[in-house]
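The chain contents come next:
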Amino acid sequence: MELTIETKSTLNDGQRIPQLGLGVWQVRAGATCETAVLAALEAGYRLIDTAAMYGNEESVGAAIRKSGIPREEIFVTTKLWNSDHGNPARALNTSLRKLKMDYVDLYLIHYPVRERRQSWRALEALQAQGKTRSIGVSNFTIKHLTDLLAQTKTVPAVNQVEFHPYLYQRNLLDFCVSKGIVVEAYSPLTKGDRLKDPKLVAVAKKYSTGEAQTAGSRSRFPLVDRPLPRSQTKSTAQILIRWALQRGLVVIPKSANRTRICENADVFDFEISAEDMRLLDGFNENLRTCWDPTNAP
């Protein structure tokens with residue numbers, strides 16, 4: 001199947017999630033966040049990922065309203081923070097009030113805290129009430145997922161984790177696929193830590209618009225009127241995003257920069273070869289640029 005910016009993955013509850021989205025972790029609330037979300041929506045993104053802990057839900061909601069795009073065309077994710085497990089319903093209602101929305105498309109348990117089982121039952125009730133279309137988890141390991149599946153009725157639709165070639169969690173991905181759980185990759189660009197890695201740079205140099213590796217029409221930045229020069233190579237960030245897309249992941253690169261938001265979406269005019277996909281798989285070094293959930297109880 002040819003990938004485009006409109007490509008969606010089907011969740012186990014039947015809902016469809018865009019495969020490319022914008023993450024807004026650490027994006028300053030207010031004009032900075034609104035501008036980033038508006039730029040993403042104008043560029044064709046239809047998935048916006050926020051969280052109560054990010055402190056920018058109000059800005060995300062404001063930008064979506066300003067965009068003029070119908071609410072039902074935009075997939076909105078937010079998350080239950082660790083200190084709110086005593087009352088998940090109240091937490092989601094607070095998020096909905098800040099977003100000024102009647103529902104979110106996906107509500108995630110942000111981290112596998114001890115209260116996750118009872119909170120999951122609360123999320124099941126919120127889904128039944130229509131407050132969230134889908135429910136899922138974030139930062140769950142195989143151990144946490146196995147525990148949850150053994151004690152609850154609903155299989156999570158999504159597990160959002162750090163995922164990139166330098167943290168290629170193949171076993172976790174295989175487990176999730178076997179259970180019908182979509183894996184969503186946050187920090188797919190390693191927070192910039194490996195963008196200058198010579199091995200990755202060498203892969204990026206193989207791919208340029210107009211060369212034999214391209215698949216489909218010549219690329220255009222959605223917010224720029226002229227096509228990319230035929231000689232321009234793909235950036236290392238674009239290689240990382242394309243790798244994740246080809247691995248079947250939902251990918252949410254974070255940026256507040258309009259140019260980079262467009263660049264991150266300009267990954268649909270080429271295809272990484274099977275040989276280079278295997279090469280990238282081999283970059284794994286268990287690099288975690290965020291938190292490590294493997295020691296969570």
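Scroll up to find the structure.
Report follows, based on the coordinates. (Residues numbered from 1 in each chain as written. Predicted model: local features only at pLDDT ≥ 70, side-chain atom pairs only at ≥ 80, totals over all residues. Heavy atoms only, no water.)

Within helix α8 (residues 236-246), 10 of the 11 residues are buried, leaving the element largely enclosed by the surrounding structure. Listed as buried for α8 are Thr236, Ala237, Gln238, Ile239, Leu240, Ile241, Arg242, Trp243, Ala244 and Leu245. Packed against the buried residues of α8 are α7 (198-204), β10 (250-251), α9 (258-265) and α10 (274-281). Positioned one or two residues after α8, glycine 248 has a phi angle of 85°, which is positive. (Buried < 20%, exposed > 50% of the residue type's maximum accessible area, 1.4 Å probe, protein only. Helix = DSSP H or I, 4+ residues; strand = E, 2+ residues; numbered from the N terminus. Contact = heavy atoms within 4.5 Å.)

Our focus in this paragraph is the environment of arginine 247. Of note, arginine 247 is situated in the loop between α8 and β10. For arginine 247, a relative accessible area of 26% translates into the label partly exposed. The sequence separation of arginine 247 and leucine 173 amounts to 74 residues, and the corresponding C-alpha distance is 9.4 Å. In this structure, arginine 247 is in contact with Tyr168, Leu173, Met277 and Asp281, ignoring residues within four places of it in sequence. A distance of 3.5 Å separates polar atoms of two side chains, one belonging to arginine 247 and the other to tyrosine 168. (Polar contact = N/O pair within 3.5 Å; in protein donor to acceptor, adjacent residues only side chain to side chain.)

A few words on the packing of helix α1 (residues 31-43) against helix α2 (residues 57-67). Helix packing for two helices is described by the angle between their axes and how far apart those axes are. The contact between α1 and α2 brings their axes to 8 Å, and the two run at 45°. Looking at the two axes, α1 sits oblique to α2. Crossing hand, α1 versus α2: right-handed. Contact residues: Cys33, Glu34, Val37, Leu38 and Leu41 in α1; Ser59, Val60, Ala62, Ala63, Ile64, Lys66 and Ser67 in α2. Grouping the constituent residues of the contact of α1 with α2 by class yields eight nonpolar, two polar and two charged. (Axes fitted to C-alpha atoms, helices over the stretch in contact; angles between N-to-C directions. Parallel < 35°, antiparallel > 145°, perpendicular 65-115°, else oblique. Left-handed = near helix turned anticlockwise from the far one by under 90°. Nonpolar A, V, L, I, M, F, W, Y, C, P; charged D, E, K, R; others polar.)

Glancing now at the pattern of salt bridges. The full count for this structure, using the stated rule, is 13 salt bridges. Where aspartate 266 meets lysine 234, a salt bridge forms, and the shortest distance between an N and an O atom there is 3.1 Å. One end of the pair, aspartate 266, is in the loop between α9 and α10; the other, lysine 234, is in the loop between α7 and α8, and 32 residues separate them in sequence. There is no split in this pair, since aspartate 266 and lysine 234 are both buried. (Salt bridge = Lys/Arg side-chain N within 4 Å of Asp/Glu carboxyl O.)

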